[in-house]
Amino acid sequence: MINKEFKEELCINCGSCAVNCPMGLIQMTDFPKMAEGSEMMCNQCGHCEAICPEGAIGSANSEKSEYTPINPQEMGLHMKFRRSIRKYGDKHVEKEKLEEIFDIVRYAPSAGNGQPVQWIVFNDPDKVNEIAEASMESMREISKTDSPLNDMIPLASFVEAWENGMGTILREAPCLVVAHAPKDNMLSVGDGMIALTHLDLALPSFGLGGCWVGLFNIICNEDSELRDILGISPENNMIYPFMVGYPKYQYHRIPERNQPDITWK
Ligand SMILES: Cc1cc2nc3c(=O)[nH]c(=O)nc-3n(C[C@H](O)[C@H](O)[C@H](O)COP(=O)(O)O)c2cc1C
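Remember, it's a predicted structure, so these values are computed and weren't measured experimentally.

The rules behind each value
Residues numbered from 1 in each chain as written. Predicted model: local features only at pLDDT ≥ 70, side-chain atom pairs only at ≥ 80, totals over all residues. Heavy atoms only, no water. Helix = DSSP H or I, 4+ residues; strand = E, 2+ residues; numbered from the N terminus. Rg over C-alpha atoms; globule rule 2.2 N^0.38 Å. Buried < 20%, exposed > 50% of the residue type's maximum accessible area, 1.4 Å probe, protein only. Contact = heavy atoms within 4.5 Å. Areas by Shrake-Rupley, 256 points an atom, 1.4 Å probe, with all protein chains shown as cover. Phe/Tyr/Trp six-rings, centres within 6.5 Å; stacked < 30°, edge-to-face > 60°. Domains from an automatic or database assignment. Salt bridge = Lys/Arg side-chain N within 4 Å of Asp/Glu carboxyl O.

Asks: Quick question: what am I supposed to make of the overall build of the protein here?
Replies: Counting its secondary structure elements, the protein contains 10 helices and 6 strands. Against the globule reference of 18 Å for 265 residues, the protein gives a C-alpha radius of gyration of 23 Å, more extended than a compact globule. Viewed in the frame of its principal axes, the protein has a C-alpha envelope of about 75 × 45 × 45 Å. Within the protein, the proportion of its 265 residues that are buried is 38%. Sequence separation of at least 24 residues holds for 78% of the intrachain contacts in the protein that already meet a minimum separation of 6. For the protein, the accessible area works out to roughly 16500 Å², and carbon and sulfur atoms hold 52% of it.

Laid out in structure tokens, this is it:
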């Protein structure tokens, strides 16, 4: 409610703003108002403004939007058909499309509405390839050491595959997205993974697809020079890299997955 115009003349005193405030900061007297001295605790989530049926909170131009949820069949198909894409077509990913997608992704939930996630986007296949080369170089160096990573991942085999012309690590993707966030936000890793999940889920609606890049993430965690190449500031942690592009192939079926392991109580 901070910095938001509050119009008593429109308020019908329904109390929905007070009941839904995550911090319980709105008191119902004659009209809802912020509890004395509680402004500092407001996390600016905007729920009071969004839930008010009369538009009594917020700026005059905040429009009422109608929304009917997607039906379960469509939602289920959308989520089950989403795939990790490992072969991309040559088509360039339009910057405007990415802007539109990030405009959706910015609505991902975050702890305390902290919204700490920042993005670096390499939307140039040559740059992505340079990054892949640098990570392979790093992998080659690590594969020659007695790093315990070699017991977990066959790094030497990945390097060999790369040398044989297989663009394994970043899959010759035309676009690489890196989520990062300030180190001093202890909750940002979860927030970043959630934001990336929203990105992953949004892409197919735009004809795009993507894939998390765990291997590249591991190598970046080992090699600070790689993080420098990505342009992540020393104050920030890399959260996860994610490839994006137009899928070269279409999936025709939904692969099987484990049944949910649920303990009902
Ligand atoms: C955190 C995370 C890291 C991943 N890292 C890689 C990776 O480095 N390379 C890759 O090809 N796929 C990677 N994947 C994709 C998984 O292999 C994929 O999600 C899984 O096989 C299921 O396939 P689906 O996403 O198409 O349902 C990763 C997925 C997640 C969630």
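Asks: Sorry if this is basic, but what is going on with the packing of aromatic side chains here?
Replies: Aromatic ring pairs are described here by two measures, namely the spacing of the ring centres and the angle between the planes. By the definition in use, this model includes 3 aromatic pairs. Measuring from centroid to centroid gives 5.5 Å for W212 and Y240, while their planes differ by 70 degrees, and the two rings are edge-to-face. On the criterion of sequence distance, the pair formed by W212 in strand β5 (residues 209-212) and Y240 in strand β6 (residues 236-245) is long-range, its members being 28 residues apart. A relative accessible area of 24% places W212 in the partly exposed class. Among the residues examined, Y240 registers a relative accessible area of 18% and is labelled buried. Measuring from ring centre to ring centre gives 5.5 Å for W212 and F242, while their planes differ by 75 degrees; the resulting arrangement is edge-to-face. On the criterion of sequence distance, the pair formed by W212 in strand β5 and F242 in strand β6 is long-range, its members being 30 residues apart. Three or more aromatic residues joined by ring pairs form one cluster here, namely W212, Y240 and F242.

Asks: What am I meant to see in the domain arrangement of the protein here?
Replies: How big an interface is tends to be stated in terms of the accessible area lost upon association of its parts. Here the protein is described as being made up of domain 1 (1-66) and domain 2 (73-245). The distance between the C-alpha centroids of domain 1 and domain 2 comes to 38 Å.

Asks: Whenever I open this one, the pattern of salt bridges confuses me. Can you help?
Replies: One side chain can pair with another of opposite charge once the charged atoms of both are near each other. Considering all chains together, one arrives at 8 salt bridges under this definition. Residue R82 pairs with D200 through a salt bridge whose shortest N-O separation is 3.0 Å. Taken together, the residues span a long stretch of sequence, with R82 in the loop between α3 (72-81) and α4 (95-105) and D200 in helix α8 (residues 188-202) at a distance of 118 residues. Both residues of the pair, R82 and D200, count as buried. Linking K95 and E99 is a salt bridge whose minimum nitrogen-to-oxygen distance equals 3.8 Å. Taken as a pair, K95 and E99 lie in helix α4 at a separation of 4 residues, close to a single helical turn. What makes E99 partly exposed here is its relative accessible area of 46%.

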